[in-house]
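Spelled out, the chains give:
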Amino acid sequence: CAALLIGASSLAVEEAGWSAVLFPVFISCAGIVVCLVVSFVATDVMPVKKEEDIETALKIQLFLTSLVMTIVLFPITMAVLPGHLDIAGVDSPVTPFVCFICIVCGLWGGCIIGFVTEYYTSHSYQPVRDVARSSETGAATNIIYGLALGYQSVIIPVVVIAFIIFIAVKFAGMYGVALAALGMLATLATCLAIDVYGPISDNAGGIAEMCELPSEVRDKTDALDAAGNTTAAIGKGFAIGSAALVSLALFGAFVTRSSSSMPADESLTLKGVNLLSPVVFAFILYGAMVPYWFSALTMRSVGEAANAMVKEIARQWKEIPGLQDAAGLDFHERQAAREKGTALAKPDYQQCIGIATTASLREMIAPGLLVILSPILVGTLCGVEAVCGLLAGAIASSVQLAISMSNTGGAW
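Residues numbered from 1 in each chain as written. Predicted model: local features only at pLDDT ≥ 70, side-chain atom pairs only at ≥ 80, totals over all residues. Heavy atoms only, no water.

### Examining the overall build of the protein
Okay, step 1: Tallying secondary structure elements over the protein gives 18 helices and 0 strands in all.
Okay, step 2: Viewed in the frame of its principal axes, the protein has a C-alpha envelope of about 85 × 55 × 40 Å.
Okay, step 3: For the protein, the proportion of its 412 residues judged to be buried stands at 40%.
Okay, step 4: Partitioning the intrachain contacts of the protein with sequence separation of at least 6 by distance along the chain shows that 75% fall at a separation of at least 24.
Okay, step 5: For the protein, the exposed area adds up to about 21,800 Å²; of that, 69% sits on carbon and sulfur atoms.
Okay, step 6: Distance between charge centroids for the protein: 5 Å, based on 20 positive and 32 negative side chains. (Helix = DSSP H or I, 4+ residues; strand = E, 2+ residues; numbered from the N terminus. Buried < 20%, exposed > 50% of the residue type's maximum accessible area, 1.4 Å probe, protein only. Contact = heavy atoms within 4.5 Å. Areas by Shrake-Rupley, 256 points an atom, 1.4 Å probe, with all protein chains shown as cover. Lys, Arg positive; Asp, Glu negative; His and termini not counted. Charge placed at Lys NZ, Arg CZ, Asp CG, Glu CD.)

### Observations regarding the packing of helix α4 (residues 23–45) against helix α5 (residues 54–80)
Okay, step 1: At a minimum axis separation of 9 Å, α4 and α5 run at an interaxial angle of 145°. Classified by chirality, the crossing of α5 by α4 is right-handed. For the pair formed by α4 and α5, the contact residues are Phe23, Phe26, Ile27, Ala30, Gly31, Val34, Cys35, Val38, Ser39, Val41 and Ala42 on the first element and Gln61, Leu64, Thr65, Val68, Met69, Val72, Leu73, Ile76, Thr77 and Val80 on the second.
Okay, step 2: Of the residues that constitute the contact of α4 with α5, the class distribution is 16 nonpolar, 5 polar and no charged. (Axes fitted to C-alpha atoms, helices over the stretch in contact; angles between N-to-C directions. Left-handed = near helix turned anticlockwise from the far one by under 90°. Nonpolar A, V, L, I, M, F, W, Y, C, P; charged D, E, K, R; others polar.)

### Points about the packing of helix α13 (residues 278–319) against helix α17 (residues 365–382)
Helices that pack against each other are described as a pair by the angle of their axes relative to one another and the distance between those axes.
Okay, step 1: Running from amino to carboxyl end, α13 crosses α17 at an angle of 165°, the nearest separation of the two axes being 10 Å. It follows from the interaxial angle that α13 and α17 lie roughly antiparallel. As α13 packs across α17, the resulting crossing turns out to be right-handed. Across from Val279, Phe283, Tyr286, Val290, Trp293, Phe294, Leu297 and Thr298 in α13, the residues of α17 making contact are Ala366, Pro367, Leu370, Val371, Ser374, Val378 and Cys382.
Okay, step 2: Residues of the contact of α13 with α17, tallied by class, amount to 13 nonpolar, 2 polar and no charged. (Parallel < 35°, antiparallel > 145°, perpendicular 65-115°, else oblique.)

### Digging into the packing of aromatic side chains
Okay, step 1: In the structure shown here, the tally under the stated rule is 6 aromatic pairs.
Okay, step 2: With a centroid separation of 5.1 Å and 80° between ring planes, the pair formed by Phe74 and Phe100 is classed as edge-to-face. You can see Phe74 sitting in helix α5 and its partner Phe100 sitting in helix α6 (residues 96–121), a full 26 residues away along the chain.
Okay, step 3: Each ring, one from Phe97 and one from Phe100, has its centre 6.3 Å from the other, and the planes form 35°; the classification is tilted. Of this pair, Phe97 and Phe100 both sit in helix α6, 3 residues apart, which is roughly one turn of that helix.
Okay, step 4: Taking relative accessible area as the criterion, Phe97 reaches 43% and is therefore assigned partly exposed. (Phe/Tyr/Trp six-rings, centres within 6.5 Å; stacked < 30°, edge-to-face > 60°.)

### Considerations on the layout of surface pockets
Okay, step 1: For the largest pocket, the calculated volume is near 880 Å³.
Okay, step 2: Contributing to the lining of the largest pocket are 27 residues, with Pro291, Phe294, Val371, Ala394 and Ser398 lying nearest its centre.
Okay, step 3: Going through the elements one at a time, α11 (215–259), α13, α17 and α18 (384–411) are the ones with two or more residues in the lining of the largest pocket.
Okay, step 4: Take the lining of the largest pocket: its biggest share by element is 10 residues, from α18. (1 Å grid on protein atoms, 1.4 Å probe; cavity = no way out; pocket = protein on both sides within 12 Å on 5 of 7 lines; lining within 4 Å. Points joined across faces, edges and corners; volume = space filled by probe spheres on them.)

### A look at a nonpolar patch on the surface
Okay, step 1: A cluster of nonpolar residues, Ile365, Leu369, Val371, Ile372, Leu373, Ile376, Leu377 and Leu381, forms a patch on the protein surface that exposes about 770 Å² of accessible area.
Okay, step 2: The residue Leu381 is located in helix α17 in this model.
Okay, step 3: Leu381 gets classed as exposed once you look at its relative accessible area, which sits at 68%. (Patch = residues over 30% accessible without salt bridge, like charges linked within 9 Å, V, L, I, M, F, W, Y side chains within 5 Å. Salt bridge = Lys/Arg side-chain N within 4 Å of Asp/Glu carboxyl O.)

Shown next as structure tokens:
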């Protein structure tokens, strides 16, 4: 949306016709097709034949998708965009090649963030092994090492995002940032497949457990889930990086749209936002606090739901006759018991599922309202510049907090 809005504000794009206006849509469409084609590499060309190759196959998939997208996007960019674009905030005309560089920066920046995330969350590398080794001296040292890993893992992704933003804004303004975000999201289909790989494997293990399948089935799903924890962190790294760029692009679109209704001498696109203004600086601090407020609400909600789940399991463990004995049997012992005609007690799965689903919906109301109402109330009561401070603080704070929390969890 931000790329469409900013691009449509350029007279050269408007005169070039709908193909130039819809250039961001072409990027997304090309990404879907490329991800679909490259997926056959993992399923047909280089299928996984042993557990150790799972992470390697997913990394190859991500790398090949980025490489093919780079090749495909060059002719699309050169054919669709006009010879030069006049973008607000950029002194010289923006050429299609500059737009291509912005897209490629976002594309490969996301790839770098994904690989760095894997380094900090995979058991194959030293950081996770250090966290595991710290457990030998107790839970406290494990927590300290895990938090330190999360904080350290922020460094390279933030530097990469800052570099992308600098290059994009320097040469193509907010339109460049929007294109960089689209570049990072161009491989979204592959990233989503990598991200949901872990939960699917985990759910498969749970279904195998509930269906009382042999223990070797559960061993295989556990191996897949272990790799899935790392791949989920990689997907989250992509999501966080692209969210930072998209947020900045939408921020630019907000400033552009707000300035259109202001007097020419007060337009924010011309005079900018003064960080030393009391209202701006105050709301930068407030905006930097909002992600922590949101995280506190969601983490507390998870804790309450987990507490209710544990109490329900304890109740069933105590009140359902024979459940303790049945839970300790393996597949072969269960089969032998059934052959003898012995009825095995089963837990009430539906009750536990109800607790999880109800909490997931009910507990997200307050965090959702916080995010939605904050900019509305600040803009209504304190003006556009206050919203700019709020958004700037929230973007800077949330990116680092999200990467840290995601990688700490992935490593643990």
